[in-house]
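# Results of the structural survey
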Amino acid sequence: MTARKKAFSGIQPTGKVHLGNLLGAIQNWVALQDAYDCTFCIVDWHAMTVDYDANELRSKVRDCAIALLASGVDPSRCTLFVQSEVPEHTELAWYLMTCAPVSRLELQAQYKDKSAQHADNLNAGLLTYPVLQAADILAHRADVVPVGEDQKQHLELARELARKFNLRFGQVFPEPETLLTPAKRIVGTDGKAKMSKSKDNTLDILATPDELWQRLRSAVTDEQRLRRADPGRPEVCNVFAWHQMLTDAPQVASVESGCRTAQIGCMDCKKILHQSLLRLLDPIRERAQALYAEPEKVDAILREGAAKARRSAKATLALAREKCGFGPAA
Ligand code: TYM
């Protein structure tokens, strides 16, 4: 039997897990669990690159773990762990840092965005963020990385760093491939920007039905449809884009024609979407509630995951250290 290929991915514990995370990445993680040897990581070191409250971080890490487990990440078929439990990631990040041109890091779109947003805290961690991300992936010698489109540029850098390291020191790392879903870029409730924890435009997967409705009610639709009697343009409406991902095909067709002919208004359309969202999220919320009642079980899953991840990263780092000329001669 040939060994399964390895998949690795990560998520920051910086806010509540939202629909963009779920459709853009987590559903793909769940789907890969049998075909790949999967490792998923809650990246708390990455969360340090912006101001944060150290007293809240542990509970945010646990919230994130619960959202992932409730969404179908299954510890009996994958490894789920917290980044700061595996120090090998930072050791490898240092080796990779010496392969990463500063000029290349300064060109990363996410660095440009974040440095504009956090001009008062322009720390070196923001600049080297994608090097630590590359180390996460390469520490487990992953073949594929399931992510949303916003991570594509970081993954190109990870491939480049793997190539550079291999050329400079000898072959250690495969060049990881990016795996996108059809829902690779979910737009937020503002109808414009990518759904994102740092913007107030998310639909959180563990929100109550009422909270979801409140967010949906005010979600931006076709801005030219000012009155109920105006025909709408589903092709420019973000709520319709969500329908295409969440509602079954016959109902999508009826929403589309109802909107174009003004037989339904935006509120009717949103009520149907609310039902579709609840079909997807009710079971996730229920599983999460059960996990909140058993925090020690969640902590044990993360502990076991960290032990497995440490074994995997230690094996890679033994090889990398040796190639780089560290440690006693063999
Ligand atoms: P993060 O925490 O921002 O997002 C986690 C995953 O969700 C995807 N995603 C989206 N997909 C579609 N539409 C959206 N609106 C949307 N918002 C988020 C992201 O693409 C991601 O797949 N830097 C990473 C974390 C990371 C990582 C890694 C990822 C650290 N190390 C190693 C992969 C491999 C991040 O901040 O993701």
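Every chain is numbered on its own, with residues counted from 1 as its sequence reads. Only residues with pLDDT of 70 or above have their local features reported here, since the model is predicted, and side-chain atom pairs are shown and tallied only from 80 upward, although totals for entire chains, interfaces and linings are computed over all residues. Each side-chain value is worked out from all heavy atoms of the structure, with water and hydrogens disregarded.

### Notes on the pattern of salt bridges
One speaks of a salt bridge when a side-chain nitrogen belonging to Lys or Arg is within 4 Å of a carboxyl oxygen belonging to Asp or Glu. Tallying each qualifying case throughout the model produces 18 salt bridges. A salt bridge links R321 to E91, with the shortest nitrogen-to-oxygen separation between them at 2.7 Å. In this pair, R321 sits in helix α12 (residues 295-324) while E91 sits in helix α3 (residues 88-97), placing the two residues 230 residues apart along the sequence. Overall, R321 belongs to the partly exposed group, its relative accessible area being 35%. Here E160 ties to R104 by a salt bridge, and the two come within 2.7 Å at their closest N and O atoms. Of this pair, E160 sits in helix α7 (residues 152-169) while R104 sits in helix α4 (residues 102-106), and the two are 56 residues apart along the sequence. It is possible to trace a salt-bridge network through shared partners that takes in D34, D74 and R77. The helix count covers DSSP runs of H or I at least four residues long, the strand count covers runs of E at least two residues long, and both are numbered beginning at the N terminus. Each residue gets one of three labels from its accessible area relative to the maximum for its type: buried under 20%, exposed over 50%, partly exposed in between, using a 1.4 Å probe on protein chains only.

### Some remarks on the packing of aromatic side chains
Here the aromatic set is Phe, Tyr and Trp, taking the six-membered ring for Trp, and pairing holds for ring centres within 6.5 Å; pairs whose planes are under 30 degrees apart are stacked, those over 60 apart are edge-to-face, and all others are tilted. Throughout the structure, instances matching the rule amount to four aromatic pairs. When the centroid spacing of 4.9 Å and the interplanar angle of 50 degrees are considered together, the rings of F165 and F169 count as tilted. Note that F165 and F169 are positioned in helix α7 at a spacing of four residues, about one turn of the helix. Its relative accessible area of 23% is what places F169 among the partly exposed residues. When the centroid spacing of 5.0 Å and the interplanar angle of 65 degrees are considered together, the rings of F165 and F173 count as edge-to-face. Here the two residues F165 and F173 agree in accessibility, since each one is buried.

### Considering the site of the ligand
Every one of the 28 residues lining the ligand counts as a neighbour, but Y129, D136, G148, D150 and I186 are closest to it. In the model, an oxygen atom of the ligand is placed 2.8 Å from a nitrogen or oxygen of the G148 main chain. Two N or O atoms form a polar contact when they lie within 3.5 Å of each other; inside protein one atom must be a possible hydrogen donor and the other a possible acceptor, and for residues adjacent in sequence the pair counts only when both atoms belong to side chains. Within the backbone of M195, a nitrogen or oxygen atom sits 2.9 Å from a nitrogen atom of the ligand. When the ligand is considered free in solution it has 720 Å² of accessible area, and contact with the protein chains removes 96% of it. Classifying every residue of the shell around the ligand by side-chain character gives 11 nonpolar, 11 polar and six charged. By convention in these notes, a residue is near a molecule or strand provided one of its non-hydrogen atoms lies within 4 Å of it. Per-residue accessibility takes into account occlusion by the displayed protein chains alone, with areas from the Shrake-Rupley method and a 1.4 Å probe. Classification convention: Asp, Glu, Lys, Arg as charged; Ala, Val, Leu, Ile, Met, Phe, Trp, Tyr, Cys, Pro as nonpolar; all other residues, Gly among them, as polar.

### Remarks on the pairing of strand β3 (residues 78-82)
Along β3, five of the five residues are buried, which leaves the element largely enclosed by surrounding structure. Residues C78, L80 and V82 line one face of β3 and the alternating positions T79 and F81 line the opposite face, and both faces are buried. Two strands are said to pair when DSSP picks up at least two bridges between them. Bridge count for strand β2 (residues 37-42) against β3 is five bridges, and the pairing is parallel. Opposite I42, over in β3, you have V82 as the bridge partner.

### Here's the deal with unusual backbone geometry
Phi angles above zero are rare outside glycine, and R141 is one such case at about 45 degrees. Mapped onto the elements, R141 comes out in the loop between α6 (124-138) and β4 (144-146). Residue A262 is not a glycine yet carries a positive backbone phi of 60 degrees. Looking at A262, the relative accessible area reads 16%, which means it is buried.

### So, the domain arrangement of the protein
Residue ranges for the domains trace back to a domain assignment, done automatically or taken from a database. Structurally, the protein comprises domain 1 (6-186 + 294-324) and domain 2 (207-289). Of note, the centres of domain 1 and domain 2, computed from C-alpha atoms alone, are 33 Å apart. Between two residues, a contact is recorded if the distance between any of their heavy atoms is within 4.5 Å. Counting from both sides, the interface comprises nine residues of domain 1 and, opposite them, nine residues of domain 2. The tally of links from domain 1 across to domain 2 stands at zero salt bridges. Counting across the domain 1 and domain 2 interface gives one residue pair in polar contact (both at pLDDT 80 or more).

### Concerning the nonpolar core
In this structure, I11, I42, L68, V73, L203, W242 and L277 are the most contacted members of the largest nonpolar core, which totals 57 residues. In this structure, I42 is in contact with I11, P13, V61, C64, A65, L68, F81, V82, Q83 and L302, ignoring residues within four places of it in sequence. We call a set of buried Ala, Val, Leu, Ile, Met, Phe, Trp, Tyr and Cys residues a nonpolar core when their side-chain atoms join them within 4.5 Å. Membership of the second largest hydrophobic core comes to 40 residues, among which are L92, L96, A139 and V145.

### Thoughts on the pairing of strand β1 (residues 6-11)
For β1 and β2, the ladder comprises six bridges, and the chain directions are parallel. Looking at the pairing, G10 lines up with C41 of β2. With the strands aimed away from the viewer, a crossover counts as right-handed if its path from the first strand over the helix to the second runs clockwise. Crossover connection from β1 via helix α1 (residues 19-32) to parallel β2: handedness right-handed.

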